[in-house]
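Tertiary structure, described
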Amino acid sequence: MKKETKIVSVGRDKKWSKGVINPPVFRASTVVFDTIEDMRHATKNRANGAMFYGRRGTPTHFAFQAAIAELEGGVGTALYPSGSAAISGALLSFLKAGDHLLMVDTAYEPTRDLCDKLLKGFGIETTYYDPLIGDGIEALIRPNTKVLFLESPGSITLEVQDVPTLSAIAHRHNLVVMLDNTWASPINCRPFELGVDISIQAATKYIVGHSDVMLGTATANQAHWDQLRENSYLMGQCTSADDIYLASRGLRTLGVRMAQHEKNGLEVANLLATRPEVDHLRHPAFASCPGHEFFKRDFSASNGLFSFVLKRGNIKAITAFVEGMDHFKMGFSWGGYESLILGVFGIDKLRTATQWDSSKPLIRLHVGLENPEDLIKDLEAGFARYNAVLDGQSD
Ligand SMILES: *Cc1c(COP(=O)(O)O)cnc(C)c1O
């Protein structure tokens, strides 16, 4: 089945939907039972689709969990109230005091903060590694290393990792391999075929797709599903049926949205590649992006999220660029239908295993579903404002 067809058909079992197209919002805390035997049956099957108690989910959740598990290619999906909660939930399900964690240097900033602040206090030590380390990862594995965490492409700077090589080495040492797979969404990469044990999505981004819900998922293979599910349950992780309903709705148009984000993103990136001000693109589909060869091998498509590095500039010039946009709005997150722009400063402070040259400013774009001609005009006007500052024509 092709991915577009799968997106339409997954998670629509009649046992959840009762035959309507979209599984309705099924809100619950208490579930009542007529007999001791009914209660016993629900308790026994609480982890596989029985109505037991709201925190274990309702048919709204079960349908969405089945859909994401199938799209990602795992056996089960745990739900969390944000992508960050999915990351902490997965890590804390597999790490304990005295353990060692290998974390990619280009991880999402709050993931780094989790390691440096919370996990450290729990007695879990983190070593950051270069996203392009390849088989050099083996030298960093210690007897107490338990988890290898990847995020590919990397946050802001978009380095693509060699996931199969890293996973194979990690498995030789019995590590659990976790991947923040948000950029690919559940359709543009096959994490479990690349050797990943747990694939995490900030569903807040492309799955929800409309910038109006916070949500996270972690999908596990057979060997890790029971531990992920039960430990996340112990931590009280659960989500609102209303949020899941919106995410399920968003999911059904993921195929067409992603295809359009990719097309628009490439048109905008092609324009940027011709601009004399641009040093290089950090777009996985372009050869200038570190790890581009792994993108070509492991991903079926790109999307609207990428960055570009300028040859020169300062805060004043970047401010002039990003503040006057008509269509690219300034704000965190991405993955909705709208375009976003971010002048990113201080990247060097978010890297410890690698070095980033902050003398060349970086701008990150999320290219939305607007007509790319309007977006290109917007960026060209931004370059004019930026150049005016650098040429000393402004103020
Ligand atoms: C946004 C994001 C997260 C966190 O998701 P939230 O839902 O905002 O908590 C994690 N990883 C990546 C790659 C993200 O882009």
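All residue numbers refer to positions counted from 1 along the written sequence of the respective chain. Residue-level local features of this predicted model are given only where pLDDT is at least 70; pairs of side-chain atoms are given and counted only at 80 or more, and the full residue set underlies all totals for whole chains, interfaces and linings. As a convention, hydrogens and water are excluded, and side-chain values are obtained from all of the structure's heavy atoms.

Observations concerning the UniProt feature "modified residue: N6-(pyridoxal phosphate)lysine" (unreviewed entry) in the chain
Using the following cut-off: UniProt positions are given in the numbering used here, feature names are shortened, and annotations may be inferred rather than shown by experiment. A run of H or I in DSSP becomes a helix once it reaches four residues, and a run of E becomes a strand once it reaches two; helices and strands are each numbered from the N terminus. Every residue pair with non-hydrogen atoms within 4.5 Å of one another is taken to be in contact.
In the UniProt entry, the feature "modified residue: N6-(pyridoxal phosphate)lysine" (unreviewed entry) is given for K205. Summarising the element assignment, K205 is placed in the loop between β6 (198-202) and β7 (216-220). When residues no more than four places from it in sequence are discounted, the contact partners of K205 are T182, S333, W334 and G335.

Details of the nonpolar core
Quick note on the threshold: For the purposes of this section, nonpolar cores are sets of buried Ala, Val, Leu, Ile, Met, Phe, Trp, Tyr and Cys residues that join through side-chain atoms within 4.5 Å. Burial here depends on accessible area, computed with a 1.4 Å probe over protein chains only, as a share of the maximum for the residue type. Under 20% is buried, over 50% is exposed, and the range in between is partly exposed. For the domain bounds, the source is a domain assignment made automatically or taken from a database.
Formed by 73 residues in total, the largest nonpolar core has its most connected members in L91, L101, I198 and L228. Here this core spans two domains, and each of domain 1 (3-251) and domain 2 (254-391) adds at least three residues to it. Every residue in contact with L101, bar those within four places of it in the chain, is listed here: L91, L95, C115, L119, I124, E125, T126, T127, V147 and F149. Of all hydrophobic cores here, the second largest spans 28 residues; its members include L310, F321, F328 and Y386.

Here we look at helix α13 (residues 372-390)
Stated precisely, the cut-off is as follows: Helix span, as expected, comes to 1.5 Å for every residue beyond the first. To obtain the arc, one takes the directions from the helix axis to the C-beta atoms. Residues adjacent in sequence count toward polar contacts only when both atoms are side-chain atoms; beyond that, a polar contact is any pair of N or O atoms within 3.5 Å, and within protein one must be able to donate a hydrogen and the other to accept it.
In this model α13 runs 27 Å from its N-terminal to its C-terminal C-alpha over 19 residues, within 8% of the 27 Å that 1.5 Å per residue would give. Those residues of α13 not exposed but buried are P372, L375, I376, D378, L379, G382, F383, Y386, V389 and L390. Down the axis of α13, the smallest arc covering the buried residues is 155°, so these residues share one side. Pointing more than 90 degrees away from the buried face of α13 are the exposed residues E373 and K377. Turning to α13, the residues buried within the fold contact α10 (254-274), β8 (278-282), β9 (305-310), α12 (315-323) and β12 (362-366). Structurally, the start of α13 carries an N-cap: the backbone nitrogen of E373 is 2.9 Å from a side-chain oxygen of N371. Residue G392 follows α13 closely and has a positive phi angle near 75°.

Remarks on the site of the ligand
Filter applied, for reference: Note on terminology: near, applied to a residue and a molecule or strand, indicates that one of the residue's heavy atoms is within 4 Å of it. Reported accessibility uses the Shrake-Rupley method at a 1.4 Å probe radius. Residues are deemed covered only where the shown protein chains occlude them. Buried and open spaces are told apart on a 1 Å grid over the protein atoms alone, a cavity being a set of points where a 1.4 Å probe fits but cannot get out and a pocket being an open set with protein on both sides within 12 Å along at least five of seven lines. Residues with an atom within 4 Å of a point are the lining residues. Any molecule with more than half of its atoms within 2 Å of a cavity's or pocket's grid points is regarded as sitting in that cavity or pocket. The nonpolar class holds Ala, Val, Leu, Ile, Met, Phe, Trp, Tyr, Cys and Pro. Asp, Glu, Lys and Arg form the charged class, and all remaining residues, Gly among them, are polar.
Neighbouring the ligand are 13 residues, the closest being G83, S84, D180, T204 and K205. Taking S84, its main chain carries an N or O atom lying 2.8 Å from an oxygen atom of the ligand. Measuring from an oxygen atom of the ligand, one finds a side-chain N or O atom of T204 at 2.6 Å. Notes on the ligand: free accessible area 380 Å², of which the protein chains cover 91%. At a threshold of 2 Å from the grid points, most atoms of the ligand map onto the largest pocket. The element that contributes the greatest number of residues to the shell around the ligand is helix α5 (residues 83-94), accounting for three residues. Residue composition of the shell around the ligand, by class: five nonpolar, five polar and three charged.

A word on the state of the cysteines
A covalent bond between the sulfur atoms of two cysteines is what we call a disulfide. Formally: Two cysteine sulfur atoms make up a disulfide if the distance between them is within 2.5 Å.
Using the criterion set out here, one finds zero disulfides in the structure. C289 carries a free sulfur, and the closest cysteine sulfur to it, the one in C189, is 15 Å from it.

As for the packing of aromatic side chains
Test applied: Any Phe, Tyr or Trp ring, taking Trp's six-membered ring, that has another such ring centre within 6.5 Å forms a pair; planes under 30 degrees apart are called stacked, those over 60 apart edge-to-face, and the others tilted.
Inspection of every chain in the model, using the stated rule, returns ten aromatic pairs. Judged by centre distance (6.2 Å) and plane angle (50°), the rings of F308 and F321 are tilted. Remark: F321 occurs in helix α12 and F308 occurs in strand β9; sequence separation between them is 13 residues. Classification of F308 by relative accessible area gives buried; the value is 0%.

Considerations on the domain arrangement of the chain
Rules: Buried area adds together the accessible area that both of two parts lose upon being put together, with accessible area traced by a 1.4 Å probe. Any Lys or Arg side-chain nitrogen found within 4 Å of a carboxyl oxygen on Asp or Glu counts as a salt bridge.
Parsing the chain into structural domains produces domain 1 (3-251) and domain 2 (254-391). The centre of domain 1, based on its C-alpha atoms, is set 28 Å off from the matching centre of domain 2. Domain 1 puts 43 residues into the contact, and the matching count from domain 2 is 40 residues. Summed over both sides, the interface of domain 1 with domain 2 buries roughly 3400 Å², with 61% coming from carbon and sulfur. Taken together, the connections running from domain 1 to domain 2 amount to two salt bridges. Notably, a salt bridge pairs E159 with R282, separated by 3.3 Å at the nearest N-O pair. Scanning the region where domain 1 abuts domain 2 turns up 24 residue pairs in polar contact (both at pLDDT 80 or more). Every element with two or more residues in the side of domain 1 that touches domain 2 is listed here: α1 (3-9), α6 (109-121), β3 (125-129), α7 (163-172) and α9 (241-252). A per-class count over the side of domain 1 that touches domain 2 returns 21 nonpolar, 13 polar and nine charged.

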